[in-house]
Amino acid sequence: MKKQFNRMRQLANQTVGRAEKTEVLSEDLLQVEKRLELVKQVSHSTHKKLTACLQGQQGVDVDKKSVRSPSVRSKPEKMLKLCGETQDRLAQELIMFELTIERDVIEPLYDLAEVEIPNIQKQRKHLAKLVLDMDSARTRYYQSTKSSGLSSNLQPTGAKADHLREEMEEAANRMEICRDQLSADMYSFVAKEIDYASYFQTLIEAQAEYHRKSLELLQSVLPQIKAHQETWVEKPCYGKPLEEHLALSGRDIAFPIEACVTMLLECGMQEEGLFRIAPSASKLKKLKASLDCGVLDVQEYSADPHAIAGALKSYLRELPEPLMTFELYNDWIQASNIQDQDKRLQALLNACEKLPPANNNNFKYLIKFLSKLTEYQDVNKMTPGNIAIVLGPNLLWTHNEGNITEMMTTVSLQIVGIIEPIIQHADWFFPGEIEFNVTGNYGSPVHTNHNACNYSSMPSPDMDQIDRKQNDQSRRPLSVATDNMMLEFYKKDGIQDYPLSQS
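Residues numbered from 1 in each chain as written. Predicted model: local features only at pLDDT ≥ 70, side-chain atom pairs only at ≥ 80, totals over all residues. Heavy atoms only, no water.

Draft legend 1. Focus on the overall build of the protein chain. Scanning the protein chain for helices and strands turns up 19 helices and two strands. Considering the protein chain as a whole, with its 503 residues, one finds that 43% of them fall into the buried category. Per element, the accessible surface of the protein chain, about 27,700 Å² overall, is 52% carbon and sulfur. (Helix = DSSP H or I, 4+ residues; strand = E, 2+ residues; numbered from the N terminus. Buried < 20%, exposed > 50% of the residue type's maximum accessible area, 1.4 Å probe, protein only. Areas by Shrake-Rupley, 256 points an atom, 1.4 Å probe, with all protein chains shown as cover.)

See the structure below:
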């Protein structure tokens, strides 16, 4: 027991003082030893994070990593198929990228962090043990020399002394071999550090290549997607510029305008308070949504003309630019301020002729319909003045709208003075008949103004614009309602609840 205790104390003392007794490693290798742990930590951390970033399961074949997009069977099949194929190709690029990273970066980093460096560290621990063994053998040999009473310069003789000397020399030889091997491994590690650094260069290069290929793929397919998008007919129309909607749909008359007008011609011309009475909010929302996607159940809404009228008003109001345009706003207002009725009508005509073709066609279409609606004013109570009050603010407004009070008084009054005479004399402003059922989807009649025969001074539809202007003094329609009459619409209950005229 005492002998074992002395052995343990001797090993402890030798561990503390081994650096003083034996120079195991050179200064350079000691510096390498310090870097080993740092490189191991960095490699291990990088391996762990890269593995976590992989989309597919590590070590799985390409075919097993691939996910095929399902076949699409719907209206936008071409668009979705193209997008699905693009996503498949992007997924393939991602898979190839991950396999490259896994092969050229992750696996080498794993070997470095979990195999190569730990082997060197394990060998370093083994060397430390051999140093202890050598120091222990040397100590026993020197103690044997002291016990024999010989001087330190003389070597002890005898079988025991020979055995101790052989043991010391063998321990020193084993330590020397291990140290040489460790030194070789450490020098090899230092020489390979540039290769280890190349793993991170490979990572960046692979990322750059993956993103480059993905960008090229997206750039090549994006024009095709845009081309499909531009040829898509069923696009939202509410809140979209008029010319854009007409160009995309290949129409002359906006779809909500034609759809609502043709339905109202069938079921709403005798509805009292049309355009004035508010429809059900849910019905209006549903109808607007169906018009927005180009799908319309005529039978469902023919029983609710107020919803149809509300959808038409909403479309006009939600246009980014009013149907009568911002650019001509001052022209319209100046025309409404002219006191002479004939000159006022001519100024309004001049403003109409300045409208862009798309706006002019749709404005003409709408005015012709509103003129036809007034033919039933004895039943529906919608006189030209009443129509102008409820629809005028949806046809023309300023770029910078004023406060509500201003909109309800001066500006709205001027707009009424613009719209009312145009409705009253629709056939003078826009000569000729008009086919409301432009697309042929409805059975609406051709418009004919039954009151046209009352105006002997009305210009002929076949007369050109120059002749009309030259003879305008002799061909004026009857004057419109005076400003005092228009004020009566506002003086009673205001614009929100005005009394319907009984013409």
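Draft legend 2. Structural view of the nonpolar core. Grouped together as the largest cluster of nonpolar side chains are 72 residues, with contacts concentrated most on Phe 275, Trp 332, Phe 363 and Ile 422. Excluding anything up to four places from it in sequence, Ile 422 contacts Trp 332, Leu 348, Cys 352, Phe 363, Ile 367, Phe 429 and Phe 430. Residues Ile 106, Leu 109, Met 175 and Tyr 199 belong to the second largest nonpolar core, which totals 33 residues. (Core = buried A, V, L, I, M, F, W, Y, C linked by side-chain atoms within 4.5 Å. Contact = heavy atoms within 4.5 Å.)

Draft legend 3. Region of the structure containing the packing of helix H10 (residues 305-318) against helix H15 (residues 384-395). Across the interface, H10 lies against H15 with an axial gap of 7 Å and an inter-helix angle of 35 degrees. Of the residues in H15, those touching H10 at Lys 313, Leu 316 and Arg 317 are Val 390, Leu 391, Pro 393, Asn 394 and Leu 395. Residues of the contact of H10 with H15, tallied by class, amount to five nonpolar, one polar and two charged. (Axes fitted to C-alpha atoms, helices over the stretch in contact; angles between N-to-C directions. Nonpolar A, V, L, I, M, F, W, Y, C, P; charged D, E, K, R; others polar.)

Draft legend 4. Looking closely at the packing of aromatic side chains. Applying the stated criterion across every chain yields a total of eleven aromatic pairs. Taking the centre distance of 5.9 Å and the plane angle of 55 degrees together, the rings of Tyr 141 and Tyr 142 count as tilted. Residue Tyr 141 is classed as buried on the basis of its relative accessible area, which comes to 6%. Ring centres 6.4 Å apart and planes at 80 degrees place the aromatic pair Phe 326 and Trp 397 in the edge-to-face group. With Phe 326 in the loop between H10 and helix H11 (329-336) and Trp 397 in the loop between H15 and helix H16 (404-424), this residue pair connects regions lying 71 residues apart in the sequence. (Phe/Tyr/Trp six-rings, centres within 6.5 Å; stacked < 30°, edge-to-face > 60°.)

Draft legend 5. How the structure looks around the side chain of Thr 262. Structurally, the position occupied by Thr 262 is in helix H7 (residues 255-267). Here the side chain of Thr 262 touches Glu 258 through a polar contact of 2.6 Å, landing on its backbone oxygen. Polar contacts involving the side chain of Thr 262 include one to the main-chain carbonyl oxygen of Ala 259, which spans 3.0 Å. (Polar contact = N/O pair within 3.5 Å; in protein donor to acceptor, adjacent residues only side chain to side chain.)

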